[in-house]
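Read off the chains here:
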Amino acid sequence: MKTIFDQNTREELIKRIDTLSQKNTAQWGKMNLFQMMRHCTVWNDWIMGISHHTYKQEFLGWLFGKMALKGLVKDETPIKKNVPAGSFAIKEMNGDTEYEKQLWMQQIVAYENYSNPDFIHDFFGKMKREEIGIFVYKHMDHHLRQFNA
């Protein structure tokens, strides 16, 4: 199972991110290239504890989160298309894609030293390190596939 905590997996993701250019268009969903890249960098800041986010599990997550997480991390099945971005939806239509690309690649490298013991996913709740690793990889892969990278 691929995980963000594996060096080879991080290198693969960085190579895929590095191929992104304005030629890449979404195969599904409503985000453009900038919005997708910005979504991923903001999301990574949340996972890594860089943003000033209050970690709290939602009620529905409390009821169904662990079951959903188990289904997500049990095998190599990719995240389904058109999953809503929720609070991580990016409203700005344009921005510096090259900056976001560089930041995103730096964030992938930074997962080598991941440490955020306070992380609680708003739906899945408290997650084991292994679950975070698989989930982060699948989220990055989801958006790279979305833009044919």
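On a predicted model such as this, the values are computed, not experimentally measured, just so you know.

**Notes on the side chain of T97**
Its place among the elements puts T97 in helix 4 (residues 97–110). With a relative accessible area of 18%, T97 lands in the buried category. Residues in contact with T97, not counting those within four places in the same chain, are Q22, F34 and M37.

**Examining unusual backbone geometry**
Its identity as a non-glycine residue notwithstanding, N82 has a phi of 65°, on the positive side. Assignment of secondary structure puts N82 in the loop between helix 3 (59–73) and helix 4. In this structure, N148 is a non-glycine residue whose phi angle is positive, near 55°. As for its position among the elements, N148 is in the segment after helix 5 (129–146).

**Let's talk about the side chain of E100**
With respect to the secondary-structure elements, E100 resides in helix 4. For E100, a relative accessible area of 5% gives the class buried. Sequence-distant contacts of E100, defined by excluding residues within four places in its chain, comprise F34, M37, R38 and T41.

**A short note on a nonpolar patch on the surface**
A contiguous nonpolar surface patch, about 600 Å² in accessible area, is contributed by L60, W62, L63, F64 and M67. For F64, the location among the structural elements is in helix 3. Its relative accessible area of 43% is what places F64 among the partly exposed residues.

**A closer look at helix 1 (residues 7–18)**
Helix length check: helix 1, at twelve residues, gives a terminal C-alpha distance of 16 Å against a target of 16 Å (1.5 Å per residue), a fit within 8%. Those residues of helix 1 that sit buried are T9, R10, L13, R16 and I17. Buried residues in helix 1, looked at end-on, bunch into an arc of 125°, giving them a common side. Residues of helix 1 that are exposed and point more than 90 degrees away from the buried face comprise N8 and K15. On its buried side, helix 1 packs onto helix 4 and helix 5. Capping of helix 1 at its N-terminal end is provided by D6; its side-chain oxygen lies 3.2 Å from the backbone amide nitrogen of N8.

Rules used throughout
- Residues numbered from 1 in each chain as written.
- Predicted model: local features only at pLDDT ≥ 70, side-chain atom pairs only at ≥ 80, totals over all residues.
- Heavy atoms only, no water.
- Helix = DSSP H or I, 4+ residues; strand = E, 2+ residues; numbered from the N terminus.
- Buried < 20%, exposed > 50% of the residue type's maximum accessible area, 1.4 Å probe, protein only.
- Contact = heavy atoms within 4.5 Å.
- Patch = residues over 30% accessible without salt bridge, like charges linked within 9 Å, V, L, I, M, F, W, Y side chains within 5 Å.
- Areas by Shrake-Rupley, 256 points an atom, 1.4 Å probe, with all protein chains shown as cover.
- Salt bridge = Lys/Arg side-chain N within 4 Å of Asp/Glu carboxyl O.
- Expected span 1.5 Å × (residues − 1).
- Arc of directions from axis to C-beta.
- Polar contact = N/O pair within 3.5 Å; in protein donor to acceptor, adjacent residues only side chain to side chain.

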